[in-house]
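Coordinate inspection notes
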Amino acid sequence: MKMWARVKALFRRKQLERDLDEEVAFHLAMREEKKRARGVATEEARYATRREFGNATRVKEICRETWSFVGLETLWRDLRYGARTLGKNPGFTAAAVLAIALGIGVNTGIFSVLNAAALRLLPIPAASQVVSVDQMFHGKIHRNVHGEGSLFSYPEYQEYRDHNHVFTGLLAYEPFVQVTMGGASPQQLFGAVTSCNYFGVLGVQPVLGRGFVDGDCSAAGANAVVVLSQDLWRTTFNADPALIGKSVLLNRSEFTVVGIAPAGFGGTEPVPSAFWAPLTMQHALDGLEPGRDFLGDGDTSWLALLGRVQNGVSLGEVRADLGVIAGRIDHEHPGRSTTLAIHTATFLGRPAERTFVFTIGGVILVAVGLVLLIACANVANLLLARASARQKEIAIRLSIGASRWQIVRQLLTESLLIALLGGVAGSLLAFWSFEAITQFVLAHLPHGFPQLALNMSPDYRVLGYSLGLTVMTGIVFGLAPALHATRPDRSTAIKEDSGGLTGKTGGGGFLRNTLVGLQVAVCMILLIAAGLLMRGLYSARTIDPGFEMANVTQASFDLGSQGYSEERASAFQRSMMEGVAALPGVDAVAEGSATPLSDNHSETSFQLPGETEGRQMEYNEVTPGYFNLLGIPIVRGRDFTAAEARASAAEIIVTEFTARTLWPGQEAVGKVLRKIGDADRIVVGVVKDAQVSHLGETEKVYVYLPSGPKEQAHMVLLVHSVGGYEGVASGIREATRALDPQVVVDVTRLEDNLETWRTPSRIVAALSGALGTLALLLASIGVYGVVSFGVSRRIHEIGIRMTLGADGKDVMKLLLRQAMQPVMIGAAVGVAGCAAVSQILSKVLYGIGSHDPIAFVGVPVFLLGIALLASYIPARRATRVDPVVALRYE
Amino acid sequence: MGERMEKQGDLVQGTLDMLVLKALARGAKHGYAVAEWIHESSNDVLQVEEGALYPALHRLELRGLLSAEWGSSENNRRAKFYALTAAGRKELAQEAEYWRRMSGAIARVMQTA
């Protein structure tokens, strides 16, 4: 009631003011009249009335205060005062705001990337009702994984869909289905096969045609229909509305287009879907394992689940309800138990993705947080310096009765004002620039990296984050200087102020030096990390992986998607190899199911005779000539023969390390090894170790099998030539077209495989390099500021020293020694901290030697050089001081 | 510096509020009339200070004990008239009862020899 009356009063302030004036005037007039009526003279009556009434302004003020929010008014006053003070020192304000803007900007930017990648809700109506369901198994597990282990099988999906009591609908889809769309120019597309309630549960309706109906999913292969994305419809079909009802070729099967998805909808994965087909058409679209029955298999993980929760049902209830179903399924698998992970659905929401994004995101947020910390330390230092200059003002305010809290509040308001200005400027900068930066990075990812679609526009999370950060920043850099400036022992401060002969930097010297040390330490960590990464990149360029990369071209074909049988695939590969071998300049041709350092790894269990437990080993299937082409020497035994390759024979070739590990001290050739569930294989050769699986990892158990008929559909062609890449590439493309115009071929240099390894390091190196530079800039401004402030405070002392016979050199030495002391301590702390950081980084990113001497010596020397320069410049000013002028100073 | 003054005012405040409420018990009055009424009713003993009167009126209005309306005074000038609200009447009754008990008690104490 009171509150409401005050709020109302707030909006009719002017009216209130007028009423109050009138009310008082009326009172005075009445009293004056009464006095006159009693015979007092007009003038006399007026003065007497005024005198009796007392201080009318004060009375009105008390009345006004009755109607107002005292806290709010005080804040407003503090703000106005703060704004005035900041306005009076434009140089200081600009420096502080800039530092904070850079710090907040980089934090907000990184956070908005993280938000876009993994925090934002799905771009669908009422997205907060939709949850993702994932499962984790414990105990005895026999399971095939197609994609990720946390996905579901079709029978499991049916169980959850039909027996839950919490969802209005539960949908399932297989993400990242890659198919070849036939036509005049065949192209590869990413899409999804989905349950037929997909569009209904998501609440997304096709803008043209229809979504799926239950009949589309009634049985395996029931209805070959497809919904296309708006993008695909526009780019490939010129937005032709007559496309509905026509058919398109997907992996050589005809699908009828029944609908076009609305613009901006690309499914629920960060890689946008180009099409959606019913789950029951899965067999026609799976290029990897054609003919396998996914629908009936209860032990294969391949489906992601999203459910729309009924109104009023909590996440806890969802967990409990689905947990019952999970328990029932576990009952049929003795020794196994399942835990479900249920979250409000976001991009990258599966447990493995979540861990990855939050680990990487966390590391980067810490790094940018450190930059913000430097910026804070910098501004805190500026404030400290200014507080000394304002000591007189503060002392006067304290002595005329202002409480310490009032002054601290005033100073904090000022620093919050700086933070707010910086925060707004920085956030605007981030919103404007980070989208462009991210697009640039995404566009320059290595070949074969799927294109991500990230919505980076700020939402309430980003705004809340930057606002929270801004307020925290304002308090962090404002509190210490404010408390320091108003500390109770004023007398000490005044003494320090007038002293200066003690050789100390004056009031707040310790705090200021600590802040400088902190900045240098943080800056050191960032720069050394950047240095380590760049060294890593350099060594990745110059490293010898143990095989030949130059002049090798690789080509892969989508024969699986094209529905090639084993025989047709073999015939295709054979003709291809013959055709390419005849190209000018080509001197070797071979094939492998994976090429060295590609992002394609196969692993399975092998058994030694007499052992019951299998050993997990990475393997590759290769043709004869593979080792020769890549320059990997066969140290003992022999290569596969052409006959062995054709027949998927029982031979095997192992690496030296494998031989040493499995048969230490014995001749490996002639030994027996068995792939679990397969025949015995005899070792026919031992090849030299090479970094074919992971860059930098030479010693690894790795075996080679001859490529048999089963692998033909996904063999990758390797071509060594002396004639240059372009000629070979166009030769391969022509040969493909001649054999089958519908086949999509992907031709790249073998060296391009390195990009997969270098790119993460390159991105992190660029990021930490940029942050390091920013940090260096801020830190050197900090050092410069502190030294130049110290010099101006000690002009008097320097004057005395010089009068007493010290020369410029002595003064310089003194100043530099004192300036560099905190820098050295900070640098030492930074180097120690970085030793710890590099241990962590070396586990995540390729190419970091955790004790790289160049980074660990070079960076500190460089940083100390910069710090020395930053203190030398202002210190030089001191040595040019004329003693006479200096003594008269102040 | 403001704090001490307010504490002193508090002592007067309770009484002043009650007197103001009482002054308005028979009908709406403007501020000047309230002051005059108190002055006259006390046989010129109580002199209400304007510096305290108007803040009191505004405070009571804010608490919803008084309602205010602009009207015409007896000499035809625009004046702000205050009147008791229902809550104001209740408050007055409580204050009067409290005052009766307190003043009686104080009088008895003072009469004790």
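Everything numeric here is computed off the predicted structure, so don't read it as measured data. Position numbers for residues start from 1 in each chain and track the written sequence from start to end. Working convention: letters from A go to chains and numbers from 1 go to ligands, in the order in which they are written. Residues qualify for local features only when their pLDDT is at least 70, as the model is predicted, and side-chain atom pairs are given and counted only at 80 or more; totals for whole chains, interfaces and linings, by contrast, use all residues. Hydrogens and water are ignored here; the side-chain numbers use all heavy atoms of the structure.

Residue and element names in this part refer to chain A. Cysteine sulfur atoms are paired as a disulfide whenever they fall within 2.5 Å. All told, the structure shown has one disulfide over all chains when counted by the stated rule. In this model Cys 196 forms its disulfide with Cys 217; the gap between the sulfur atoms is 2.0 Å. Residues Cys 196 and Cys 217 are joined through a disulfide that is right-handed, its torsion about the S-S bond being 80 degrees. Placement of the pair is Cys 196 in the loop between strand E4 (187-194) and helix H8 (198-202) and Cys 217 in the loop between strand E5 (208-209) and strand E6 (225-228), with a sequence separation of 21 residues. Categorising residues by exposure relies on relative accessible area from a 1.4 Å probe, with only protein chains included: less than 20% of the type maximum marks a residue as buried, more than 50% marks it as exposed, and the intermediate range marks it as partly exposed. When its relative accessible area of 9% is taken as the criterion, Cys 196 is described as buried. A disulfide-free cysteine, Cys 523 has its sulfur positioned 11 Å from the sulfur of Cys 834, the nearest such atom. Segments assigned H or I by DSSP are reported as helices when at least four residues long, segments assigned E as strands when at least two residues long, and all are numbered from the N terminus.

This part covers the domain arrangement of chain A. All names here are of chain A. Its domain assignment divides chain A into domain 1 (2-68), domain 2 (71-120 + 352-498), domain 3 (127-345), domain 4 (499-543 + 756-890) and domain 5 (552-755). For the purposes of this description, domain bounds are those given by an automatic or database domain assignment. For domain 4 and domain 5, the distance between their C-alpha centroids amounts to 53 Å. Contacts between residues were defined by any pair of non-hydrogen atoms, one from each residue, lying within 4.5 Å. Counting residues at the interface gives nine residues for domain 4 and 11 residues for domain 5. Buried area, as used here, totals the accessible surface that two parts lose on assembly, with accessibility defined by a 1.4 Å probe and the loss added over both. Interface of domain 4 and domain 5: buried area, both sides summed, is about 840 Å²; carbon and sulfur atoms make up 54% of it. In terms of surface lost to domain 5, no three residues of domain 4 exceed Thr 756, Trp 757 and Arg 758, which account for 68% of the buried area on that side. Salt bridge, as used here, is a side-chain nitrogen of Lys or Arg placed within 4 Å of a carboxyl oxygen of Asp or Glu. Connecting domain 4 to domain 5 are zero salt bridges. Residue contributions to the side of domain 4 that touches domain 5 peak at six residues, all from helix H23 (residues 753-793).

Here we come to the packing of aromatic side chains. Residues and elements named next belong to chain A. Side-chain rings of Phe, Tyr and Trp (the six-membered ring for Trp) are treated as a pair once their centres are within 6.5 Å; stacked means planes under 30 degrees apart, edge-to-face means over 60, and tilted covers the remaining angles. Summed over all chains, the structure comprises 19 aromatic pairs over all chains. Where Tyr 173 meets Tyr 198, the ring centres are 6.1 Å apart and the plane angle is 75 degrees; that geometry is what we call edge-to-face. With Tyr 173 in strand E3 (residues 167-181) and Tyr 198 in helix H8, the pair connects residues that are 25 residues apart, well separated along the chain. For the pair shown, Tyr 173 and Tyr 198 are each scored as buried. Here the aromatic rings of Tyr 198 and Trp 276 are separated by 6.5 Å at their centres, their planes lie at 35 degrees, and the arrangement is tilted. Placement of Tyr 198 in helix H8 and of Trp 276 in strand E9 (residues 275-278) is noted, with a sequence separation of 78 residues between them.

Below, the discussion takes up the pairing of strand E21 (residues 702-706) of chain A. All names here are of chain A. Within E21, five of the five residues are buried, which leaves the element mostly enclosed by the surrounding structure. Of the two faces of E21, the one lined by Tyr 702, Tyr 704 and Pro 706 and the one lined by Val 703 and Leu 705 are each fully buried. We treat two strands as partners when DSSP finds at least two bridges between them. As defined by bridge partners, strand E16 (residues 615-622) adjoins E21 across five bridges and the pair is classed as parallel. In the sheet register, Val 622 faces E21, and the bridge partner there is Pro 706. Where strand E18 (residues 651-655) lies against E21, two bridges are found, and the strand directions are antiparallel. Note that in E21 the partner of Ile 653 across the bridge is Tyr 704.

On the side of chain A, 23 residues touch chain B, which itself brings 27 residues to the contact. Between chain B and chain A lies a buried interface of about 2400 Å² when both sides are counted; carbon and sulfur atoms form 61% of it. Broken down residue by residue, the surface that chain B buries against chain A is led by Tyr 32, Glu 50 and Leu 62 of chain B, which jointly contribute 32%. Here chain B is connected to chain A by three salt bridges. The closest approach of N and O atoms between Glu 22 of chain A and Arg 78 of chain B, which form a salt bridge, is 3.0 Å. Whenever a nitrogen or oxygen atom comes within 3.5 Å of another N or O atom, the pair is scored as a polar contact, on the condition that within protein one atom can donate a hydrogen and the other can accept it, and that pairs from neighbouring residues in sequence are kept only if both atoms are in side chains. Applying the counting rule to chain B against chain A returns eight residue pairs in polar contact (both at pLDDT 80 or more). Looking at which element gives the most residues to the side of chain B that touches chain A, the answer is helix H3 (residues 50-62) of chain B, with nine residues. Residue type decides the class: Asp, Glu, Lys and Arg count as charged, Ala, Val, Leu, Ile, Met, Phe, Trp, Tyr, Cys and Pro as nonpolar, and the leftover types, Gly among them, as polar. Taken together, the residues of the side of chain B that touches chain A break down into 10 nonpolar, eight polar and nine charged.

A few words now on a nonpolar patch on the surface. Residue and element names in this part refer to chain A. Patches draw on residues past 30% relative accessible area with no salt bridge. Two like charges within 9 Å are joined, as are two nonpolar side chains (Val, Leu, Ile, Met, Phe, Trp, Tyr) within 5 Å. Throughout, the Shrake-Rupley method with a 1.4 Å probe supplies accessible areas, and for residues the shown protein chains are the sole cover considered. Where nonpolar side chains cluster on the molecular surface, the patch consists of Leu 416, Leu 420, Leu 467, Val 471, Ile 475, Leu 479 and Leu 483 and spans about 520 Å² of accessible area. Within the residue set of the nonpolar patch, elements represented by two or more residues are helix H14 (404-443) and helix H15 (460-485). Here the nonpolar patch takes five residues from H15, the largest share from any one element. Using a relative accessible area of 51% as the deciding quantity, one classes Leu 467 as exposed.

Residue and element names in this part refer to chain A. To form a nonpolar core, buried Ala, Val, Leu, Ile, Met, Phe, Trp, Tyr and Cys residues must be joined to one another through side-chain atoms within 4.5 Å. One finds Ile 418, Phe 477 and Cys 523 to be the most contacted residues of the largest nonpolar core, which totals 73 residues. Per-element tally for this core: the top contributor is helix H12 (residues 351-389), with 12 residues. When we break this core down by domain, the ones giving at least three residues each are domain 2 (71-120 + 352-498) and domain 4 (499-543 + 756-890). Apart from residues lying up to four places away in sequence, Cys 523 is in contact with Ile 374, Gly 772, Ala 775, Leu 776, Ala 779 and Leu 863. In this structure, Val 133, Val 226, Leu 250 and Val 318 belong to the second largest nonpolar core, which totals 46 residues.

This paragraph deals with the pairing of E4 of chain A. For a regular strand, the rule is simple: side chains alternate between the two faces of the sheet. Residues and elements named next belong to chain A. The sheet contact formed by E3 and E4 spans seven bridges and is antiparallel. Bridge assignment links Glu 174 to a residue of E4, and that residue is Val 193. Hairpin connection from E3 to E4: five residues lie between these consecutive antiparallel strands, with Gly 183 at a positive phi of about 140 degrees.

Okay, the packing of helix H6 (residues 90-119) of chain A against H12 of chain A next. Residue and element names in this part refer to chain A. Interaxial distance between H6 and H12 falls to 9 Å at its minimum, and their mutual angle equals 165 degrees. Relative to H12, H6 is oriented roughly antiparallel. Once H6 is placed against H12, the crossing between them reads as left-handed. By residue class, the composition of the contact of H6 with H12 is 22 nonpolar, four polar and one charged. All axes are obtained by fitting lines to C-alpha atoms, using only the stretch in contact for helices, and the reported angles, taken between N-to-C directions, cover 0 to 180 degrees. Under this scheme an angle from 65 to 115 degrees is roughly perpendicular, one under 35 degrees roughly parallel, and one over 145 degrees roughly antiparallel; angles in between are oblique. If you view the pair so one helix is near and one far, a crossing is left-handed when the near helix is turned anticlockwise from the far one by less than a right angle, and right-handed when it is turned clockwise.

Turning to the pattern of salt bridges, a few remarks are in order. Following the criterion strictly, the structure yields 28 salt bridges over all chains and no others. When the shortest N-O distance is used, the salt bridge between Glu 644 of chain A and Arg 638 of chain A registers 2.8 Å. Taking relative accessible area as the criterion, Arg 638 of chain A reaches 34% and is therefore assigned partly exposed. Between Glu 91 of chain B and Arg 63 of chain B there is a salt bridge, with its nearest N and O atoms 3.7 Å apart. Taken as a pair, Glu 91 of chain B in helix H4 (residues 86-111) and Arg 63 of chain B in the loop between H3 and strand E2 (66-72) lie far apart in primary sequence, 28 residues in all.

As a further point, take the sheet that holds strand E3 (residues 78-84) of chain B. All names here are of chain B. Strand order in the open sheet made by the three strands is E1-E3-E2, with antiparallel pairing throughout. Each edge of the sheet is formed by a strand with only one pairing partner; in this case those strands are strand E1 (29-30) and E2. Two elements, E2 and E3, share seven bridges in a ladder whose sense is antiparallel. Looking at E3, one finds that Trp 70 is bridged to Lys 80. Running over the sheet, H3 touches E2 and E3 and is turned about 55 degrees from E3.

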